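Geometric and topological summary
Single-letter residue listing:
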Amino acid sequence: MNKHILFILFLLVLLLGSCGNEPETVSQEIELKFVLPAGTVMSQPNKSPAHKVMGDPGTTESFRKPRYGWFYLVYSDGEDEHVFVLNNGPIDESDWTKEQYSGQFATTDDWIYTYSQSQKILLLGEGHSKLRTWGRLYAAMSYEDLTPYVKDHDASYKPQSEDDIKNIVFNNTDAVKNSLQDIYSSPAGYIYEPWGEYYGTVRNLPNTPTPSVGEMRVYMPLYHVASKVDVMWNVAPSVQTEMRVTSMKATHLYDGECYLFLPTDNTIDAATFAGGYERQITLNNIGMQWEGRYYFYAIPYKNNADKCPLQLEVQANENTSGSYKETVLNDPSSPFVPWIRGQISITQNMTGLYN
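Parameters and conventions
Residues numbered from 1 in each chain as written. Predicted model: local features only at pLDDT ≥ 70, side-chain atom pairs only at ≥ 80, totals over all residues. Heavy atoms only, no water. Helix = DSSP H or I, 4+ residues; strand = E, 2+ residues; numbered from the N terminus. Buried < 20%, exposed > 50% of the residue type's maximum accessible area, 1.4 Å probe, protein only. Contact = heavy atoms within 4.5 Å. Areas by Shrake-Rupley, 256 points an atom, 1.4 Å probe, with all protein chains shown as cover. Core = buried A, V, L, I, M, F, W, Y, C linked by side-chain atoms within 4.5 Å. Polar contact = N/O pair within 3.5 Å; in protein donor to acceptor, adjacent residues only side chain to side chain. Pairing = 2+ DSSP bridges. Salt bridge = Lys/Arg side-chain N within 4 Å of Asp/Glu carboxyl O.

1. Here's the deal with the overall build of the protein chain
Assigned secondary structure in the protein chain consists of two helices and 21 strands. Taking all 355 residues of the protein chain together, the buried fraction comes to 50%. Across the protein chain, contacts joining residues at least 24 apart in sequence account for 75% of those joining residues at least 6 apart. Counting only carbon and sulfur atoms, one obtains 46% of the accessible surface of the protein chain, whose full area is about 17,100 Å².

Dropping the structure here:
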């Protein structure tokens, strides 16, 4: 499973804000520092894979640096929840810089991209008698603008609670479909075992009515919102003289409202999705007529049996009068999106199985 790609370092610096006789708030300077491993962003044209077979897509994936970010901080004073939208829109792509990383997650030759920015929010301070009981941070980034919104609300509605944040969705537009591999978020269901709570919890949230100057740090990886779909096929040597794959496509890929922070909660009340869109996998490619492999990214969904279906449609020998349809079921892996795999072994002429 291709879980963590994007690492994010949030440095939250508290600054005492107002002065005078009636200080009611504390101005909080928040430096957001993003760390993106360079190896997942840049292709390596000078390094050829050591082992490849016909149809193999290669070993290097190319991801694009995010251009948009959405960050939400929610905290409770024991009675009320306070939600701050720290960023909701473009981030400057040119501000990413490359450097070598030597922190606790480092491995050999770890080159990273970093991006930082600062923002301010108002944290209730003096004159506010309630103690802060918890705080949690939710973050998402993407190459394309997702224009996220709270489900069942219009775009002008701002999240009022943590449940609102969890119910943020985006539409799978044509532009988004072509960049699903470049969407990352902090999954709301990720419980960090040593803490026993959500991994984006701000553990050093000031819990006094009047916080003092200090820092709050949250170091959290972001994870893919879309699943990697890996399709492999093989025609047995005994039937290769009479059987070759001339077309294969994935059908009924999910294009409904997509959860941003609950990426495994997209569901339908049926065995398979009847709508959606298609993805052509191979079409009259002589190099992939007997064996091949192809991968792409798609939004996962669960059916009424709690499985993640992958629907495939295959045609053989340039016979387009029908097709062979196969649904491969995969298990979800909440809170992380599953790696969806479809493998087809062909041992007879498929045209006789058309439906």
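Further notes follow.
2. Here we look at the nonpolar core
Soluble, globular proteins show a tendency: their nonpolar side chains are buried together. In this structure, Phe170, Val231, Leu260 and Phe261 are the most contacted members of the largest nonpolar core, which totals 79 residues. If one sorts the elements of this core by residue count, strand S3 (residues 68–76) sits on top with seven residues. Each residue touching Val231, except ones within four places of it in the same chain, is listed here: Met248, Ile281, Gly292, Arg293, Tyr294, Phe296, Leu310, Leu312 and Gly342.

3. Regarding the side chain of Arg136
Positionally, Arg136 belongs in strand S7 (residues 134–142). Here Glu162 takes part through its side chain, which lies 2.6 Å from a polar atom of the side chain of Arg136. When neighbours within four sequence positions are excluded, Arg136 is seen to be in contact with Tyr72, Leu73, Val74, Glu162, Tyr198, Gly200, Thr201 and Val202.

4. What about the pairing of S7?
By the criterion of burial, S7 is predominantly enclosed, with eight of the nine residues buried. Note: S3 against S7, nine bridges, orientation antiparallel. The residue bridging Ser76 from the neighbouring strand is Trp134, located in S7. Sheet topology note: the S7/strand S10 (residues 183–185) ladder contains three bridges and is antiparallel.

5. Side note on the pattern of salt bridges
According to the stated counting rule, one finds 10 salt bridges in the structure shown. The salt bridge involving Asp306 is made with Lys302; its shortest N-O contact spans 3.8 Å. Judged by relative accessible area, Lys302 falls into the buried class, the value being 15%. Connected via shared salt-bridge partners are Asp230, Arg293 and Arg341.

6. A short note on the side chain of Thr251
The residue Thr251 is located in strand S15 (residues 245–253) in this model. A residue is classified by how much of its surface remains accessible, and Thr251, at 7% relative accessible area, is buried.

7. With respect to the sheet that holds strand S8 (residues 149–150)
One open sheet accounts for three strands, arranged S8-S9-S16; its pairing is antiparallel. Strands with a single pairing partner mark the edges of an open sheet, and in this sheet they are S8 and strand S16 (257–259). As judged from the three bridges shared by strand S9 (residues 168–171) and S16, these two strands associate in the antiparallel manner. Note that in S16 the partner of Phe170 across the bridge is Cys258.

Keep in mind these numbers describe shape, not what the thing actually does.
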